Amino acid sequence: MQPGITDLFGATATFSGTPKVLEVPLTSLPDLTSPNPTPLEIYAAIVKTAHAWINANTDASVMAASDLTINSPITRNGAPKTQFQYAAKFYGPYAAPTFDPNTI
């Protein structure tokens, strides 16, 4: 089973084929609670939403996998931080090693 738009981008996300527009209302991302999120916060919320769905759907027909590694404490800009590292893996038919997002 391949994920749908709402699986990876939240409950109210939509994709319009003409013109090709992906719309992700901020209310679609349940972990995004900031009233004025930064672009980085929006990106992180999308990654977290997609990671949750991919990890809950580990069937071989899902052509992606996602791992989360947490490291703490680490130093960033001279201050202790917790690092959340998401690693996405995509699978396609075996061929010459060229990544093509259209085969996922």
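See the structure above.
What you see is a predicted model; the values in this text were computed from it and never measured.

### Some remarks on the overall build of the chain
Okay, so step 1: Counting its secondary structure elements, the chain contains two helices and four strands.
Okay, so step 2: Mapped from its N terminus to its C terminus, the chain presents α and β elements in the order α-β-β-α-β-β.
Okay, so step 3: Against the compact-globule benchmark of 13 Å for 104 residues, the chain has a radius of gyration of 16 Å, which places it well outside the compact range.
Okay, so step 4: Considering only C-alpha atoms, the chain reaches an extent of 45 × 35 × 25 Å along its principal axes.
Okay, so step 5: Across the 104 residues of the chain, 17% fall into the buried class.
Okay, so step 6: With an accessible surface of roughly 7700 Å², the chain has 59% of that area assigned to carbon and sulfur atoms.
Okay, so step 7: Counting 5 positive and 7 negative side-chain charges, the chain places the averaged centre of each group 10 Å from the other.

### Considering the packing of aromatic side chains
Okay, so step 1: In total, this model carries one aromatic pair according to the counting rule given.
Okay, so step 2: A centroid spacing of 6.1 Å and a plane angle of 45° characterise the contact between Phe90 and Phe99, whose relative ring orientation is tilted.
Okay, so step 3: Phe99 gets classed as exposed once you look at its relative accessible area, which sits at 56%.

### Considering helix α2 (residues 39-56)
Okay, so step 1: Helix length check: α2 (18 residues) gives 26 Å between terminal C-alpha atoms against 26 Å at 1.5 Å per residue, within 8%.
Okay, so step 2: Along α2, the positions that sit buried rather than exposed are Ala45, Ile46, Thr49, Ala50, His51, Trp53 and Ile54.

### Digging into the nonpolar core
Nonpolar side chains in soluble globular proteins tend to end up buried together.
Okay, so step 1: Of all hydrophobic cores here, the largest spans six residues; its members are Leu8, Ala50, Trp53, Ile54, Val62 and Ala64.
Okay, so step 2: Counting residues per element, this core draws most heavily on α2, which supplies three residues.

### A few points about the side chain of Ser66
Okay, so step 1: If you trace the backbone, Ser66 turns up in strand β3 (residues 64-76).
Okay, so step 2: Classification of Ser66 as buried rests on a relative accessible area of 8%.
Okay, so step 3: There is a polar contact of 2.6 Å between the side chain of Ser66 and the side chain of His51.
Okay, so step 4: For Ser66, the residues in contact, after removing those within four places along its chain, are His51, Ile54, Asn55, Tyr86, Ala87 and Ala88.

About the thresholds
For every chain, the first residue of the written sequence is number 1, and numbering continues from 1 onward in sequence order. Two thresholds apply to this predicted model, a pLDDT of at least 70 for residue-level local features and 80 or more for giving and counting side-chain atom pairs, whereas whole-chain, interface and lining totals are computed over all residues. Side-chain measures here rest on the full set of heavy atoms in the structure, leaving out hydrogens and waters. Secondary structure elements are defined from DSSP: runs of H or I of at least 4 residues count as helices, runs of E of at least 2 residues count as strands, and each element is numbered from the N terminus. What the globule rule says is 2.2 Å times the number of residues to the power 0.38, and the radius of gyration is computed from C-alpha atoms. Classification of residues uses two cut-offs on accessible area relative to the type maximum, computed with a 1.4 Å probe and protein chains only: under 20% is buried, over 50% is exposed, and between them is partly exposed. Shrake-Rupley sampling with a 1.4 Å probe provides the accessible areas, and residues are treated as covered by the protein chains on show and by no other component. Counting rule applied: Lys, Arg positive; Asp, Glu negative; His and chain ends not counted. To locate a charge, take atom NZ for lysine, CZ for arginine, CG for aspartate or CD for glutamate. Each aromatic pair joins two rings of Phe, Tyr and Trp (for Trp, the six-membered one) with centres within 6.5 Å, and gets the label stacked for planes under 30 degrees apart, edge-to-face for over 60, and tilted for any other angle. A helix is expected to span 1.5 Å for every residue after the first. By nonpolar core we mean a set of buried residues, namely Ala, Val, Leu, Ile, Met, Phe, Trp, Tyr and Cys, connected to one another through side-chain atoms within 4.5 Å. For this analysis, a polar contact is any N or O atom pair within 3.5 Å, provided that within protein one partner can donate a hydrogen and the other can accept it, and provided that sequence-adjacent residues contribute only side-chain to side-chain pairs. Any two residues whose heavy atoms approach within 4.5 Å are treated as being in contact.

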